[in-house]
Every structure is written in C-alpha cells, then in structure tokens.
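Reading the structure
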Amino acid sequence: MSINHRTHNMRPLRVSNPTTELFAQPPLGMEVADLTADIRRYFGNFYGRDKYCRSSHYPYHSLVLTLRDRLMERARKTRFAYEEAGVKHAYYLSLEFLMGRTLGNALLNLGLDTVAAEALGQLGLALEELIDNEHDAGLGNGGLGRLAACFLDSCATLQLPVMGYGIRYEYGMFRQRIENSRQVEDPDHWLRDGSSWELERPEHTRRIQYQGRTEFFRDAQGKQRVRWIDSKDVLAVPYDTPIPGYRNGTVNVLRLWSAAATDEFDLGEFNAGSYPESVAAKNAAENITMVLYPNDASENGKELRLRQQYFLASASLQDVLERWELHHGIDFSRFAEQNCFQLNDTHPSCAVPEMMRLLIDEYNLEWDAAWQITTHTMAYTNHTLLPEALERWSVHLFGHLLPRLLEIIYEINAHFLTEVARRWPGDTERLARMSLIEEGPVPHVRMAYLAIVGSFSVNGVAALHSELLVQGLFRDFYELWPSKFNNKTNGVTQRRWVAGSNPLLRQLLDTTLGNAWLTRLDELRRLAPHADDAGFRDQWQTVKYRNKERLAKLVLRDCGVVFDPNALFDVQVKRIHEYKRQLLNVLHVIHLYSRLKTGDPALTKDWTSRCVLIGGKAAPGYFIAKRIITLICKVAEVINSDPTIGNRLKLAFLPNYRVSAMEIIAPGTDLSEQISTAGKEASGTGNMKFMMNGAITIGTLDGANIEIREELIKLTGNDDNFFLFGLTADEVEATRGAYDPNALIAADADLSRVMKLLESGHFNAFEPGLFEPIINAIRSPHDPWLVAADFRSFVDAQERAATAYRDRAGWTRMSILNTAASGKFSTDRTMQEYNAEIWKLSSVASTST
Ligand code: 26W
C-alpha cells in the first residue's frame, strides 16, 4: 500500500540499467592542487566568469561547490554504511535550525582549513574574507534553534544515524536595525543569492493535505475506513544540507522542506476561467514556508503557523515511512525498533496524530497497532516553563485546517481519559485537568499534553527545569507515568564555539593539552593545574586581550562606541525578554553611572573600568521588550557622550545579534550575564559558550547556571569562580502575593537613586513618559520577574566581580578554571545521553575519512 502522492517537477532517474557505474568514481582529492583545480573549473566553466569578475560571490560559490562535492561523496558513503549495518535511525524534528555560517565549520570538520586557505591564496583570494561574507542561515529564533544545530554537529561527530528535518524558510529571523533608539525589523532574504550548500531532491517530493473533510467508506475487504477528501493540497520539496562530523568521514543530512503548489491546484481554477486567481492560489500554497515566526516565547495562534507545523510533521513522517516501505514493505512490526522521532518542543507535535493517520488510513493498520508504534517512536523535549509559551490551538481552527487530525486527537483523548479514569476513579477534576482538550467558551487542543501522551520519553533541558516540570506543569502526568520523565542537560558544540570561533584559544589548548578536547571536552579538566602557572596565565591573558580587541572592533563598527580592551567586558546577549532581565542589567549600569556622577571620590576610588554590551532581538509584537531596547540605547547615549565619565563606563547596544556575532562576542567576554528570574530560564546555552571561552558567570540559580556552578565546585572545591546572586526558584515562588517593590526601593538608597534618575526623565529628555511603562513594571507588586527584589544582591555581586577583575592574575586564574570545568557542556555529552537513554542507536563508522 503506497501513499498516493503525486510528484511534481520531478526529474526521475530513469536509466535502463542504473548500475553503480553511474556513480562509481574515485574519491575526490583533498590536496591544495585538487581544490584549486575544482575552484577554477566551477569559477570558469560552471559559472562562466573570468578576469573581469570583481565580485567575491563567484569565488565563494565555487569554493562551496568544491566542498559540497566532497561532502556529498561522504554523505553517500555514510548512508550506505548505515544501510548495510541495518541500524536504527533517529529523526530530529524541529521548526528551527539556527545553523549560522557553514563554510568555516565545513572546512574545520573536513580537515581542509589550512589546505583551503593555501589553495585560495594561490588563486589570489583570502579565505577569511570569504568566510566573513557568508550570510548566516538564521532559520531559528534563539536557544532552541541553535541547540538543534549543535545537536546535528555532535551526532555526526559521534557517527550516530540521526537526520534533521525542518523547514526551508525563504526568510529567516528578521534583521534588526536601531533607528531613533527603536528596533526596526527588515526581512532577511537569505536565499536571494541561493545557497550552494543545499541540494534539491525533487524526487522525494511529498503531498500535504489541508482543509476538506473526512468520510467513511468500505474498502475492498469490506472494512470500514476513513478518507480525507476535497482537501487543498500543497507539495513539500526537500533540500538536503550535508552535516559533516569532525574529521571522521561521516556526513549526516539535514532535510529542509519547501512548499510548492501542485499542478492541479491552479488547473482547476484555470478551467473555471480565473487564471490570475489560480496563480494567486499557487502563491498562497508557497507562502507556507515563506517566513519564520519571530516569537520565541509566546504563541500567537496564527493559522499559517499551524500550517507550517503540520507541513513539517507530515512531510517528514511520509518520508520516513516511504523509505521503510521501500526496504521492508508494509510490515511495520519492527518499525519502532528501528526508528525514533525527537520532537523539539511541541512545535512538531502534530507528528503524533499524523503518525496515527498515516498508519491507519494509508497503511491500513488497526488503532492499537498504530498506537503501539506511535508511542514507541515519539519522544518529546520541553524547552520552556513559561505558561504563555505553551502551545494551544483552538479546536475550531484545528478542525478546519486538519479535520482528520482533529478526529484522531479526539480518539486519542478518549482512550487516554479512560486510562486516567481507571487509575483515579471518580476524580473528574483530574480528568478535566489532563484532557487534551481544554474546555471553555473557546475550546483548545493542548499540544504539550498531546506530545506527552504520544511519547515514550519526555525531557527537560537542565536539571532544575526537569525537576520543576514534574513538580508543576506536568505533575499529573508524572504521577501517571513517572518513568517517562527525564532530564537531558543542554550543551553546545566546542567545534564551532571554541575551535571555530576562538582560533587563538584553540592554538593554546592544542599546545598545552593536545587536541583530544575537540571530541572529548572533559580533557579540558587538565587545564586546571596550569591556572597556577604565571607564564601560562600570561599566554591566556594575551589570547583574551586579542579577542577583546576583535570584539571592540565589532562594537566600534556596529555601535560607534569605543571599548577599551583593558576594561572589564561585561556582556549580555540573548533574546530580549522580561524574564531574562536585561532591565536589571541596565539598572545596574545606571547605578554605576550615578556613582560616577556623584563625584564622591570615596565611591569611585578603586574603580574598575567597565564596558557593558547588550544585544538581542525583541519579538516584533512584544511592546515592553522593545521599550527596554530603547531604554538601553538612551542610557547608552547619555553615558557615552558624558566627558566626565570617559573610559570608566561604556554601554553599547549591539544591533542584529546572531550566530556569527556570538562567534566574535563569546571569546572577547570577561563577564557573562545570566541573570534570569530563578525558575524561568529552562537552561540557557549562551552561558555555556561564554564559559568555554573563559568568561566568568554572574548569575542566578537558574537553568544550567546551577550545573555550571556545580562543575566549578567539583573542580576546585569552592564556589569562588562564579558570581552568584538572587532569589532561588523556591524563594521566587514564595514571594508571590507578598511582593512590595516600592518598599524595597524606598529601603535601598542605591535603588532609590536609580529609580529617581529614571523617573526624572534624565534619559528621555525630549520624549516625556517614554519609560513610564518600564517604571510601572518595576514598581508593580505583580511584577512576575522581581526586578527590584534582586537588585541589591545583583549590585553586590557586580561589586565582587569588579573587585576580582582588579586582580588580573586572580581573574585569569578564574577564567582558566571556567574553561577547565566546562567539559560537561559539550553537546557530545548531551547526545550520548539522548542516545543511551532515549534513542539507543548504534554508532556506525563510515568507510572513508
Ligand atoms: C510558540 C512560540 C515559541 C517559539 C519558541 C515558544 C517557545 C519557543 C522556545 C521555547 C524558545 C526557546 O528557544 N527556548 C530556549 O530553549 C533553549 C534550548 O533548550 C534553552 O536553553 C532556553 O533556556 C530556552 O529559553
């Protein structure tokens, strides 16, 4: 039984005898001469350019195609190796893959970095320039999307059969400009010049259904079945991007789906005599993958977003099921042993009912068999505790767009609630609480509950977060199925976040420790003894200083602010959100400013010069977050233009924070701001990038900060290497209802002075009332983020940091120890845990390196 999909603009390979002869070829050379020959051929013959070509565009694409050839060769070998070994696969389903740039990472992982630099040199080109001109693939909002990208790097490095499935957005995360101290969003048409890394695979096009209705029918065997008819269909065309492991011959695949109209879609309209309308309809179909939604924490309930989610889930499942059918026929008895889907938050959770639909309606399985397979292949990762970020879809919208899926969800719910009732007879409140349908005037489907019920594993992304999930949000489900719940603390890949972004540190680590840390980050532990070696500290400090110069250059170029590399570089970069408390950071900066302005020498005698950098995007509809950006910009203007302040304090807002900016920022940072209200940041991953690069954290006991601090304590036996402050998650909860920020402000002279400055209009001379909403938020007893509550302890921690920085040897020691203790935060460790406890895949060595 094969799924009835039509393939469109497909160019099938119809060779009478498609033997291996067709693709048998000797491996491509990896020497300088091999690269120059290929680059020349692409430049001159494929692109047809010559000595008159002045643009770096063609040399860049010629280099990329030269590398892609080598990646494709390895991707094929890797696929065949997996196939021959007959191993289980995992599929990472994610609406976001925040890949950033690819060139530098591909060269590093292929082991071609020096060879390529030399080859280009011979051709009169500078590799660094080509790397710097590459556009970021910004197909993600923030942490969740970048995590997916780091996961892929680690899976390929660990030689795990893992494939990424996502959406090929035409427009990625918006580009942020600051105009008149306000965020302005520009579209990011990253595909305008095409991406040479990807390969279109039209032969694997899938058909996706929307709308229409369902009907019962009897099949040839007289069995009652359901079909989904009169639907408006859209095609999903896959594009594959190769994901190389670190120098191991393995190349996995990230498959991104792009929407295309079907042929009959417009034909129908055309026959009805409305050609322009038919072309418009075609456009509407292709709109599905046009743009990434830029909300990182609050769901907005837009129909197009649900279309995207189903598009990804359906195309990816069809892809996997059809490949299964090709190799195993329609016997699905071993499917769950061989396949696993990891859902990156609830965004792809349509996969649960879609899997049921495909197995039952398309492959004719019985409900129980289909449910058995579904619940043994799906695993769900939660990335947030914020209630406003939990996805719910109105039943009405859901039923209109995906009628067959809604029926299936109702049936899943009926089976599920029967199980709940058996376990807790008569507990009707619990039934209502746990139902997949939230009742009310506008009933909703609860996507997180759907994901939990449909999965065999549910995990949070840091120890505290996983604990809070089972105590709070998912408590009822934990009582029902305690063994489903587990923790997988996040990580980041050291290949991109140390080796690629911090070449000077890479060099120092290599000469000190050898290069095993590139695949076993725990090796960094061996740095610890060197922290007591003055000569080594000098080398470490020199590396940091050079990286601060590089960062200062970026700040000057993009903010027009001069940062002196001798000052303490204090950095907070992440999405702008109230719970992340950029506001607390600004209040501290205002506090420092007001101290300097008193002119009282007692207050400023041992001053530590400080450069504060803040960067991040606000969701376009998030009013208060945008106003916080304006506050940062306005405070920066006042401070930076005040000659009495001079170099003692600088503040800059970095526009358009993105992956490639972080590659410059993390290595040049001294102090990493991780200051969320405890219990709100699921994990954080920027905190890990900073730590690996030798920054010291100032942070609350939140997310992975807790584990960062624990690793430092384990390594050193003390907690001297982390600037801790703030209420704990328990204390935050206990404060609710009894919070009086105005009393706190009145009782604290420093905070009073800061609020007075803010309220006096000092930072908004020509726009009275501009910061009223912010002032009100701080003074509100309902402020969920408790900014005023943590001010005192934050300022004290900042003072400890400033004092510590004045002792350069001591600070450098702390810096080294932070890098030394960061081994746990490699996604290599994270992926090994997912694999050992959830996926259970075998690693398979590829035949080439
Ligand atoms: C429905 C819109 C939407 C979109 C994205 C809601 C929520 C999200 C994500 C949960 C946002 C996100 O990126 N979360 C972050 O995930 C990281 C990786 O696990 C964590 O390190 C961060 O703490 C978490 O905020």
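Overview of the structure. Bear in mind the structure is a predicted one, so any value in this text is a computation, not a measurement. (Residues numbered from 1 in each chain as written. Predicted model: local features only at pLDDT ≥ 70, side-chain atom pairs only at ≥ 80, totals over all residues. Heavy atoms only, no water.)

Let's talk about the environment of S316
Heads up, the condition is: Numbering of helices and strands starts at the N terminus; helices are DSSP runs of H or I of at least 4 residues and strands are runs of E of at least 2. Pairs of N or O atoms within 3.5 Å make up the polar contacts considered here, provided that, within protein, one atom can donate a hydrogen while the other can accept it, and that residues adjacent in sequence are counted only when both atoms are side-chain atoms.
Locating S316 in the fold gives a position in helix α9 (residues 303–328). In this structure, the C-alpha to C-alpha distance between S316 and S815, residues 499 residues apart in sequence, is 44 Å. A distance of 3.2 Å separates a polar atom in the side chain of S316 from a polar atom in the side chain of W257.

Observations regarding the nonpolar core
The test is simple: Throughout, nonpolar core names a set of buried Ala, Val, Leu, Ile, Met, Phe, Trp, Tyr and Cys residues whose side chains join them through atoms within 4.5 Å. Accessibility here uses a 1.4 Å probe with only protein chains present; expressed as a share of the type maximum, an area under 20% marks a residue as buried, one over 50% as exposed, and anything in between as partly exposed.
Core analysis: the biggest nonpolar cluster contains 185 residues, and F398, L402 and W839 have the highest contact counts within it. Looking at which element gives the most residues to this core, the answer is helix α24 (residues 623–640), with 11 residues. Counting residues in hydrophobic clusters, the runner-up holds 57 residues, among them A499, F569, M692 and A820.

Focus on the packing of aromatic side chains
The line we're drawing: Working definition: a ring pair exists when centres of Phe, Tyr or Trp rings (six-membered ring for Trp) sit within 6.5 Å. Plane angles under 30 degrees give stacked, over 60 give edge-to-face, the rest tilted. Either the NZ atom of lysine or the CZ atom of arginine qualifies as a charge over a ring when it sits within 6 Å of the ring centre and within 35 degrees of the ring normal.
Inspection of the entire model under this criterion finds 30 aromatic pairs. When the ring of Y92 is compared with that of F151, the centres are 5.4 Å apart and the planes differ by 70 degrees; the resulting orientation is edge-to-face. Remark: F151 occurs in helix α6 (residues 143–157) and Y92 occurs in strand β1 (residues 89–93); sequence separation between them is 59 residues. F151 matches Y92 in its accessibility class, with the two residues each being buried. Ring centres 6.2 Å apart and planes at 45 degrees place the aromatic pair W228 and Y310 in the tilted group. With W228 in strand β10 (residues 224–229) and Y310 in helix α9, this pair connects stretches of sequence that are 82 residues apart. Y310 matches W228 in its accessibility class, with the two residues each being buried. Taken together, the ring pairs in this structure connect Y92, F97, F151, Y834 and W839 into an aromatic cluster. In this structure, R49 is placed above the aromatic ring of Y58, and the distance from its NZ or CZ to the ring centre is 3.9 Å. Of note, K689 hangs over the ring of W497, and the distance from its end group to the ring centre comes to 4.6 Å.

Here we look at a nonpolar patch on the surface
The criterion, for reference: Patch construction takes residues with relative accessible area above 30% that form no salt bridge. Like charges are linked within 9 Å, and nonpolar side chains (Val, Leu, Ile, Met, Phe, Trp, Tyr) are linked within 5 Å. Accessible surface area values rest on a Shrake-Rupley calculation with a 1.4 Å probe, where residue burial reflects the displayed protein chains alone. Here, a salt bridge means any Lys or Arg side-chain nitrogen found within 4 Å of an Asp or Glu carboxyl oxygen.
The grouping of L22, F23 and F80 at the surface amounts to a nonpolar patch, some 270 Å² of accessible area in total. On the accessibility criterion, L22 (53% relative accessible area) is exposed.

Focus on empty space enclosed by the protein
Basically, it comes down to this: Any residue with an atom within 4 Å of a point lines the site, the site being either a cavity, points on a 1 Å grid over the protein atoms alone where a 1.4 Å probe fits but cannot get out, or a pocket, an open set with protein on both sides within 12 Å along at least 5 of 7 lines. Grid points are joined across faces, edges and corners, and a volume is the space filled by probe spheres set on the points.
One pass over the full model with this rule turns up four cavities of 30 Å³ or more. If you add up the space inside the largest cavity, you get close to 160 Å³. Along the wall of the largest cavity there are 14 residues; nearest its centre are M99, N105, I243, P244 and R496. Going through the elements one at a time, α3 (103–110), α6 and β11 (232–244) are the ones with two or more residues in the lining of the largest cavity. If one sorts the elements of the lining of the largest cavity by residue count, α6 sits on top with four residues.

Considerations on the site of the ligand
Rules: Near is defined per residue: the residue qualifies when any heavy atom it owns lies within 4 Å of the molecule or strand. As a working rule, the residues Ala, Val, Leu, Ile, Met, Phe, Trp, Tyr, Cys and Pro are called nonpolar, Asp, Glu, Lys and Arg charged, and the rest polar, with Gly in that last group.
What surrounds the ligand is a group of 20 residues, the closest being L144, H383, N490, E681 and G684. Within the side chain of N490, a nitrogen or oxygen atom sits 2.8 Å from an oxygen atom of the ligand. If the ligand stood free it would expose 570 Å²; the protein chains cover 94% of that surface. Each residue belonging to the shell around the ligand can be placed in one class, and the counts come to six nonpolar, nine polar and five charged.

Concerning the packing of α6 against helix α34 (residues 827–839)
Here is the rule we go by: Axes here mean lines fitted to C-alpha atoms, for a helix over just the part in contact, with angles spanning 0 to 180 degrees between N-to-C directions. Comment on the angle field: the value is read as roughly parallel under 35 degrees, roughly antiparallel over 145, roughly perpendicular from 65 to 115, and oblique elsewhere. Any two residues whose heavy atoms approach within 4.5 Å at even a single point are treated as in contact.
The contact between α6 and α34 brings their axes to 9 Å, and the two run at 80 degrees. Accordingly, the angle class assigned to the pair α6 and α34 is roughly perpendicular. Facing α6, whose interface residues are C150, F151, S154 and C155, α34 presents T827, D828, T830, M831, Y834 and W839.

What to know about unusual backbone geometry
Here Q211, not a glycine, exhibits a phi torsion of approximately 60 degrees, which is positive. On the secondary structure map, Q211 appears in the loop between β8 (206–210) and β9 (213–218). A residue is classified by how much of its surface remains accessible, and Q211, at 13% relative accessible area, is buried. With phi around 55 degrees, K840 is a residue other than glycine that occupies positive phi space. Within the secondary structure layout, K840 lies in the segment after α34.

Topic: the environment of Q372
Here Q372 is to be found in helix α12 (residues 367–377). With relative accessibility at 46%, the residue Q372 sits in the partly exposed group. Sequence-wise, Q372 and D748 are 376 residues apart; in three dimensions their C-alpha atoms are separated by 60 Å.

Regarding α24
Since one α-helical turn is 3.6 residues long, residues separated by three or four positions face the same way. Rules: How far a helix is expected to stretch is found by multiplying one less than its residue total by 1.5 Å.
Given a rise of 1.5 Å per residue, 18 residues ought to cover 26 Å, and the 26 Å separating the end C-alpha atoms of α24 matches this to within 8%. Counted residue by residue, α24 has 14 buried out of 18 residues, so it is predominantly covered.

What about the side chain of N547?
Turning to its location among the elements, N547 is positioned in helix α21 (residues 534–559). According to the relative accessible area criterion, N547 is buried, its value standing at 3%.

Details of the sheet that holds strand β25 (residues 723–724)
As a reminder, the rule being used: If DSSP finds at least two bridges between two strands, the strands pair.
What the six strands build is an open sheet, ordered β22-β21-β20-β23-β24-β25; its pairing is parallel. Because the sheet does not close on itself, it has two edges, and the strands there are β22 (649–654) and β25. With six bridges connecting them, strand β21 (residues 610–615) and β22 associate as parallel partners. Bridged to G615 within β22 is L654. Against the sheet, helix α33 (residues 808–820) makes contact with β20 (568–573), β23 (671–674), β24 (696–699) and β25, and its axis sits at roughly 90 degrees relative to β24, the strand it touches most.

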